[in-house]
Amino acid sequence: MRFLHTSDWHLGRSFHRVALLDAQAAFLDHLVATVRERDVDAVLVAGDVYDRAVPPLAAVELFDRAIHRLAEEGVPTVMISGNHDSARRLGVGAGLIERAGIHLRTDPAGCGTPVLLSDAHGEVAFYGLPYLEPALVRDEFKTDKAGHEQVLGAAMERVRADLAARARGTRSVVLAHAFVAGGEPSDSERDITVGGVAAVPAGVFDGVDYVALGHLHGSQTLTDRVRYSGSPLAYSFSETTHRKSMWLVDLAADGAVAAERIDCPVPRPLARIRGRLDDLLEDPALEPHEDAWVEATLTDPFRPDDAMARVAVRFPHALSLVFEPDRAPEDPLASYARRLQGRTDQQIAEDFVAHVRGGSGPDERERTVLRGAFDDVRVESALTQDHAREGAAAAAREGAR
């Protein structure tokens, strides 16, 4: 069986205020063309279909056109909700849409119920594990601890139990949206860290033939059977070196996996340039970046006047300007942001405790309290944002009447 593994479409997202709907539409055109030209048997979308819980109408229309086109091709599609999606919204009408071959898996309770597709060698069971927010699904999975490893492990127990009850030789594929150990993050993913644990081990997924992961935006191979497709477009300058692609996977009769990368269309290249402003404006080596989306980091000792306007003369598509003057770390004018760069909220809080105590950092009990506080705030923030968006949308509808 041949399937196309994609994820993290983030329909409705912009890039530094540049709308990407046209680029996303071009990607979906490319996806449908690939399905047709490469005789694809199924399409997998491993979460973050939309960029936010209440997507703009144009993004919903783009999604609607995409699933209609896939249904017209007669190619089954399996989708799960990601941490950016509203699972309930994405799952509306799932039972009806399934009749057209579009299988939306957004309910954690359905992790152990696969989409069954067949080829000449028998059945393949596709299990959709939507993004599992530990604090919200702990009761469903009856886990002792509210962590990603625990809830994903419990979900996979359901998968393995269902698979064990099926005919011998049934092949299996899992779609999941998670941060798995060994994956390389970028700046454009929303943090899903829980309890200070940044990632779950790939071994959580043992026992299935292929794992189609979403969440991290770089295409990555953790093992031959566990892969991230990455996002089809770049959503931050940290993805400048990414090769945006999808995985075309052939699953053999014995469960062996062969995977090929299919490149995605690039609307405009990205470039990160660094140096003093006058040097950036004159350096002939930077000529290839003049038509790129540019992030310019200025290292002048003091901020130049009209810096962005001057950068834009040579680089008309410059979108981001960063000021990092070349100063010694001990210089009192050194950037506070630089001192915090690469540090987590937990580490910053622990450093603050050590500072106010005169050098004695928090003990393990206090670290646990801090972790719990950050987790509670993160979950509450996500829920509050969703409720606020729902309220704003309702108010807008009411006002339109």
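Anyway, here's the lowdown on the structure attached to this text. (Residues numbered from 1 in each chain as written. Predicted model: local features only at pLDDT ≥ 70, side-chain atom pairs only at ≥ 80, totals over all residues. Heavy atoms only, no water.)

A closer look at the overall build of the protein chain
Looking only at helices and strands, the protein chain has eleven helices and 17 strands in total. For the protein chain, the accessible area works out to roughly 19600 Å², and carbon and sulfur atoms hold 51% of it. (Helix = DSSP H or I, 4+ residues; strand = E, 2+ residues; numbered from the N terminus. Areas by Shrake-Rupley, 256 points an atom, 1.4 Å probe, with all protein chains shown as cover.)

Overview of empty space enclosed by the protein
Per the stated rule, a full pass over the model turns up one cavity of 30 Å³ or more. There is about 40 Å³ of room inside the largest cavity. Sorting elements by how many residues they give to the lining of the largest cavity places helix α6 (residues 148-164) first, with three residues. Across the lining of the largest cavity, the residue classes break down as seven nonpolar, two polar and no charged. (1 Å grid on protein atoms, 1.4 Å probe; cavity = no way out; pocket = protein on both sides within 12 Å on 5 of 7 lines; lining within 4 Å. Points joined across faces, edges and corners; volume = space filled by probe spheres on them. Nonpolar A, V, L, I, M, F, W, Y, C, P; charged D, E, K, R; others polar.)

Some thoughts on the sheet that holds strand β16 (residues 293-298)
Pairing is parallel in the open sheet, where three strands are placed in the order β15-β16-β17. Taken across any chain shown, the strands that pair with only one partner, and hence form the sheet edges, are β15 (270-275) and β17 (318-323). Taken over all neighbouring pairs, the strand axes of this sheet differ in orientation by 15 degrees on average, direction set aside. Contacting β16 and β17, helix α8 (residues 307-314) runs over the sheet at an angle of about 135 degrees to β17. (Pairing = 2+ DSSP bridges. Axes fitted to C-alpha atoms, helices over the stretch in contact; angles between N-to-C directions. Contact = heavy atoms within 4.5 Å.)

Overview of the pattern of salt bridges
Under the defined criterion, the tally for this structure stands at 19 salt bridges. Its salt-bridge partner being Arg38, residue Glu260 comes within 2.9 Å of it at the nearest N-O pair. Taken as a pair, Glu260 in strand β14 (residues 257-263) and Arg38 in the loop between α1 (21-37) and β4 (42-46) lie far apart in primary sequence, 222 residues in all. Note that Asp119 is salt-bridged to Arg171, the shortest N-O span being 2.6 Å. (Salt bridge = Lys/Arg side-chain N within 4 Å of Asp/Glu carboxyl O.)

Some details on the packing of aromatic side chains
Taken as a whole, this structure holds six aromatic pairs when the rule is applied. Plain terms: the ring middles of Phe3 and Tyr210 are 5.4 Å apart, the flat faces sit at 65 degrees to each other, and that makes the pair edge-to-face. In this pair, Phe3 is assigned in strand β1 (residues 2-6) and Tyr210 in strand β10 (residues 210-214), connecting sequence segments 207 residues apart. For Phe3, a relative accessible area of 0% gives the class buried. Accessibility expressed as a relative area gives 0% for Tyr210, which makes it buried. (Phe/Tyr/Trp six-rings, centres within 6.5 Å; stacked < 30°, edge-to-face > 60°. Buried < 20%, exposed > 50% of the residue type's maximum accessible area, 1.4 Å probe, protein only.)

Quick notes on the sheet that holds β4
Ordered by their spatial adjacency, six strands build an open sheet running β6-β5-β4-β1-β13-β14, and the pairing between neighbours is mixed. Both outer strands of the open sheet, β6 (102-105) and β14, are each paired with one neighbouring strand and no more. Averaged over neighbouring strand pairs, the angle between their axes works out to 20 degrees when direction is ignored. One ladder, built from four bridges, connects β1 with β4; its direction is parallel.

Points about α6
The end-to-end C-alpha distance of α6, which contains 17 residues, comes to 24 Å, matching closely the 24 Å that a straight helix rising 1.5 Å per residue would cover. Within α6, burial applies to His148, Val151, Leu152, Gly153, Ala154, Ala155, Met156, Val159, Asp162 and Leu163. Buried residues along α6 sit in contact with β8 (122-129), α5 (134-141) and β9 (171-177). (Expected span 1.5 Å × (residues − 1).)

Section: the packing of α5 against α6
Running from amino to carboxyl end, α5 crosses α6 at an angle of 40 degrees, the nearest separation of the two axes being 10 Å. Relative to α6, α5 is oriented oblique. In terms of crossing hand, the pair formed by α5 and α6 is left-handed. Between α5 and α6, the residues in contact are Pro134, Val137, Glu140 and Phe141 and His148, Val151, Ala154, Ala155 and Arg158, respectively. Taken together, the residues that form the contact of α5 with α6 break down as six nonpolar, one polar and two charged. (Parallel < 35°, antiparallel > 145°, perpendicular 65-115°, else oblique. Left-handed = near helix turned anticlockwise from the far one by under 90°.)

A short note on the pairing of β15
Pairing of β15 with β16 involves six bridges; the strand directions are parallel. Note on β16: the bridge partner recorded for Arg274 is Thr297. For the crossover that starts at β15, traverses helix α7 (residues 277-282) and ends in the parallel β16, the hand is right-handed. (Right-handed = clockwise from strand over helix to strand, strands pointing away.)

So, the environment of Glu290
Mapped onto the elements, Glu290 comes out in the loop between α7 and β16. Note: C-alpha distance between Glu290 and Phe315 (25 residues apart in sequence) is 4.8 Å. Those residues within four positions of Glu290 in sequence are excluded, and the remaining contacts are Arg314, Phe315, Pro316 and His317. Engagement of the side chain of Glu290 in a polar contact is seen with the side chain of Arg314, the distance being 2.9 Å. (Polar contact = N/O pair within 3.5 Å; in protein donor to acceptor, adjacent residues only side chain to side chain.)

Remarks on the side chain of Glu366
Here Glu366 is to be found in helix α11 (residues 364-400). On the accessibility criterion, Glu366 (19% relative accessible area) is buried. If near-sequence neighbours (up to four positions away) are discounted, Glu366 is found in contact with Arg357 and Gly361.

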